[in-house]
Amino acid sequence: MARTLSFKDAVNEAIDQEMTRDPTVIMMGEDIVGGTGSPGEADAWGGVLGVTKGLYAKHGDRLMDTPLSESAYIGAAIGAATCGLRPIAELMFLDFLGVCFDQMYNQAAKFRYMFGGKAETPVTIRAMVGGGFRAAAQHSQMLTPIITHVPGLKVVCPSNAYDAKGLLIQSIRDNDPVIFCEHKNLYAHEVDVPEESYAIPFGEANIAREGTDATIVAYGLMVHRATEAAENLAKDGIDCEVIDLRTLSPIDMDTVYESVESTGRLICVDEANPRCSIASDVTASVTQEIFSSLKAAPQLVTAPHTPVPFSPVLEDLYIPSAEQVADAVRKTMAT
Amino acid sequence: MSKNPFPLSKDDLLIAYRMMKTIREFEERLHVDFGRGEIPGFVHLYAGEEASAVGIMMHLNDQDQIASNHRGHGHCIAKGVDVKEMMAEIYGKVSGSCRGKGGSMHIADLSKGMMGANGILGAGSPLACGAGLAAQKLGHNGIGMSFTGDGASNQGTFLESLNLAAVWNLPVIFVVENNGYAESTSVDWAVAVDSYVDRAAGFGLPGVTVDGTEFFAVYEAAGELIKRAREGGGPSLLECKMIRFFGHFEGDAQTYKAEGENEYNRKHHDCLKIFRAHVTKAGVLSDEELDAIDTQVLALIDAAVEEAISAPLPTADDLTTDVYVSY
């Protein structure tokens, strides 16, 4: 039965259902229980934003607080994954990637290939991404392109609670290392979510809005900006298709090609910095594979090549807006 | 033959000697063949350090997982990885342990409890914590073991892992193989404490230092720490002070070493000679028995090299396989 659920609660429910289903699923992270060893409440936080609240009461010591040592515990989750467990590790913010990246890209990502196909590393690393929290340069980044670049990692970045639940369940069941990116500005966003467990396969983009004049490709929060832009453009008689990539590695380019072959126009929206971004990657593939389908030069709408600023007025300018997306669509329509 | 004064049966002593000799000859042969330009890439040889790997690994079974490092051949052989497949791997052949995709620095066989050699120094320590955590959560009696050198024990990953293992009371043992040199840099300069036991104490862990050229010293110290870990006593650190006969990597001119250092060590601190002296003096094993093993090991290494040379190379199809389980 479907009922309205927030993105945050959908993540919680996915973890809960998988921990109930599979005894080898464990979870670890900084403050994911919260208060371990402290004089007050044992299950005080349930994650820094309360995403895992209540899971300790149900699953006990299968949820483990960790010391502030991302290299050690992300690595331990990866090691445990090769030894029969199916761990979920929370890297509080993907911005902390630099502290523990070696364990992710030199270890987890490469075991299967380096070891000639003999290893499986079924680990899920959940991390908050994205801006809008006034959290400044080290807690707001969209670092998805960096991890998408790495062969051996899978990268997921849902735009809504329904996809978050189904994709997180798939991530936990998946036998490869998955980086599951949760946009913190979507945590409160609610949609209908079934109570029962379901998995959404990787590599299947979702057409968030159908349209015939131009194709807007986005993921995460940017799907909402793209859809807002599309609704506004519809008032001017411009009918946009919005494609939500949902997973960045693997990536469903077939759905993008099919749409661009029909519309002839491509706009890629990415909250990441512009160089070597998901937007530039999608644009390059479309240009190489179906160049003759294009009626106009593809347009990229991204954050600027700067760190994320603190001051709200600056951060609002930093994150791509629906207006910028609409302007980019109009630019493609002019030719 | 006299009564056996050692903590291992005669059969186990023969196994231990064969293992150490296999490592030695594997490395001696690689030294020669690498010098001839027959081996691609680079190799880091374990010769001189055999008593550490074997003295420890004699206590382990396939359920126990070890995370090794760049100098991993000895750990692999002692943990039971197939020697011929290892040689083929180092030659980049499809019959290798990793189908020619890993090479010397990435030999692994999880079914044998070998989580992988590792090209990133210190990276194995968190992985070994994961192995210990898996054993703890799955309720089996296995342990995790991390092998680092004196150099990598300065890495944050190693130090964080000491704390994590202590906080979670994991069945993990951190082996510091102290051969005196981090690549070319002296341990006396690069490690601020005088003893790794002091470093372990700083993290609330018990630590033991042994002469890593003495097989029996390693065997007994490791046995106690491993027993403790299996019984839920938690993590510990074992420092083996040892000798590296070759350079950091093959091709290293070793000008940072003292003049005559390698020759002196080979003469006076060769763990294989020391082992042989102990067991023959006690009258438990004879020179003839050990010589027979020497002959068999040399034949094995010769066969491993011959088979590696004649084995097929990977093909273009192999380039893109086994990146993911499914994609």
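The structure displayed is predicted, hence computed values, not measured ones. (Residues numbered from 1 in each chain as written. Chains lettered and ligands numbered in written order. Predicted model: local features only at pLDDT ≥ 70, side-chain atom pairs only at ≥ 80, totals over all residues. Heavy atoms only, no water.)

### Here we look at the pairing of strand S2 (residues 144–149) of chain B
Residue and element names in this part refer to chain B.
- Of all six residues in S2, six are buried, a share of seventy percent or more.
- Of the two faces of S2, the one holding Gly144, Ser146 and Thr148 and the one holding Met145, Phe147 and Gly149 are both buried throughout.
- Pairing between strand S1 (residues 65–67) and S2: three bridges, direction parallel. Pairing of glutamine 65 across the sheet is with glycine 144, part of S2.
- Once you follow S2 into helix H6 (residues 156–167) and on to strand S3 (residues 172–178), the crossover reads as right-handed. (Buried < 20%, exposed > 50% of the residue type's maximum accessible area, 1.4 Å probe, protein only. Helix = DSSP H or I, 4+ residues; strand = E, 2+ residues; numbered from the N terminus. Pairing = 2+ DSSP bridges. Right-handed = clockwise from strand over helix to strand, strands pointing away.)

### Here we look at the pattern of salt bridges
- Per the counting criterion, the structure on display carries 35 salt bridges over all chains.
- Aspartate 33 of chain B is the partner of arginine 29 of chain B in a salt bridge, and the nearest nitrogen-oxygen pair spans 3.0 Å. Taken as a pair, arginine 29 of chain B and aspartate 33 of chain B lie in helix H1 (residues 10–35) at a separation of four residues, close to a single helical turn.
- Given a relative accessible area of 22%, arginine 29 of chain B falls into the partly exposed group.
- Here the salt bridges do not stand alone but share partners, grouping Arg3, Glu13, Lys165 and Glu195 of chain A into one network. (Salt bridge = Lys/Arg side-chain N within 4 Å of Asp/Glu carboxyl O.)

### A short note on the packing of aromatic side chains
All names here are of chain B.
- Scanning the entire structure with this criterion turns up 14 aromatic pairs over all chains.
- Each ring, one from phenylalanine 6 and one from phenylalanine 216, has its centre 4.5 Å from the other, and the planes form 10°; the classification is stacked. Separated by 210 residues along the polypeptide, phenylalanine 6 in the segment before H1 and phenylalanine 216 in helix H9 (residues 215–230) bring together distant segments of the chain.
- For phenylalanine 6, a relative accessible area of 16% translates into the label buried.
- A relative accessible area of 9% means that phenylalanine 216 is categorised as buried.
- A centroid spacing of 5.9 Å and a plane angle of 85° characterise the contact between phenylalanine 158 and phenylalanine 174, whose relative ring orientation is edge-to-face. Here phenylalanine 158, found in helix H6, pairs with phenylalanine 174, found in strand S3; they are 16 residues apart in sequence, far enough to count as distant.
- A residue is classified by how much of its surface remains accessible, and phenylalanine 158, at 0% relative accessible area, is buried.
- The buried category is assigned to phenylalanine 174, whose relative accessible area is 0%.
- A cation sits over an aromatic face here: arginine 266 above phenylalanine 246, 5.2 Å from the ring centre. (Phe/Tyr/Trp six-rings, centres within 6.5 Å; stacked < 30°, edge-to-face > 60°. Lys NZ or Arg CZ within 6 Å of the ring centre and 35° of its normal.)

### Digging into the interface of chain A and chain B
- Listed per partner, the contact involves 47 residues of chain A and 40 residues of chain B.
- Regarding the contact of chain A and chain B, the summed buried area is about 3400 Å², with carbon and sulfur atoms giving 65% of it.
- With its nearest N and O atoms 3.8 Å apart, the salt bridge here joins arginine 112 of chain A to aspartate 322 of chain B.
- Put simply, chain A and chain B have 18 residue pairs in polar contact (both at pLDDT 80 or more) between them.
- Those elements that provide at least two residues to the side of chain A that touches chain B are strand S2 (25–29), strand S3 (63–65), helix H3 (70–81), helix H4 (97–108) and helix H5 (111–114) of chain A.
- With nine residues, H3 of chain A is the single largest residue contributor to the side of chain A that touches chain B.
- Its residues placed into classes, the side of chain A that touches chain B shows 20 nonpolar, 16 polar and eleven charged. (Contact = heavy atoms within 4.5 Å. Buried area = accessible area lost by both parts, 1.4 Å probe. Polar contact = N/O pair within 3.5 Å; in protein donor to acceptor, adjacent residues only side chain to side chain. Nonpolar A, V, L, I, M, F, W, Y, C, P; charged D, E, K, R; others polar.)

### Some details on the domain arrangement of chain A
All names here are of chain A.
- Examined at the domain level, chain A breaks down into domain 1 (2–194) and domain 2 (206–333).
- A straight line from the C-alpha centre of domain 1 to that of domain 2 covers 27 Å.
- Of the residues lining the interface, 26 residues belong to domain 1; the matching set on domain 2 comes to 25 residues.
- Counting each side, the surface lost to burial between domain 1 and domain 2 is near 2000 Å², with a carbon and sulfur contribution of 59%.
- Across the salt bridge formed by arginine 246 and aspartate 163, the nearest N and O atoms sit 3.0 Å from each other.
- Along the contact surface separating domain 1 from domain 2 lie 14 residue pairs in polar contact (both at pLDDT 80 or more).
- Among the secondary structure elements, those contributing two or more residues to the side of domain 1 that touches domain 2 are helix H6 (144–148), strand S6 (154–156) and helix H7 (161–173).
- Partitioned by chemical class, the residues of the side of domain 1 that touches domain 2 number twelve nonpolar, eleven polar and three charged. (Domains from an automatic or database assignment.)

### Quick notes on unusual backbone geometry
- Cis rather than trans, the peptide bond between serine 249 of chain A and proline 250 of chain A has omega equal to 0°.
- With respect to the helices, strands and loops of the structure, proline 250 of chain A is situated in the loop between strand S12 (247–249) and helix H9 (253–263).
- One non-glycine residue, glutamate 183 of chain B, adopts positive backbone phi at about 60°.
- Mapped onto the elements, glutamate 183 of chain B comes out in the loop between strand S4 (181–182) and strand S5 (185–186).
- Accessibility expressed as a relative area gives 43% for glutamate 183 of chain B, which makes it partly exposed.

### What to know about the sheet that holds strand S13 (residues 266–270) of chain A
All names here are of chain A.
- Here we have five strands laid out as an open sheet, ordered S9-S11-S10-S13-S14, and mixed in their pairing. Each of the sheet's edge strands pairs with one partner strand only, and the pair in question is strand S9 (206–209) and strand S14 (299–302). On average, adjacent strands in this sheet sit at an angle of 25° to one another, irrespective of strand direction.
- Here five bridges tie strand S10 (residues 214–218) to strand S11 (residues 240–244), and the two strands are oriented parallel to one another. Directly across from alanine 218, in S11, lies its bridge partner aspartate 244.
- Of the strands in this sheet, S9, S10, S11 and S13 are in contact with helix H8 (residues 222–234), which crosses S11 at around 170°.
- Sheet strands in contact with H9 are S9, S10, S11 and S13, and its direction is about 155° off that of S10. (Axes fitted to C-alpha atoms, helices over the stretch in contact; angles between N-to-C directions.)

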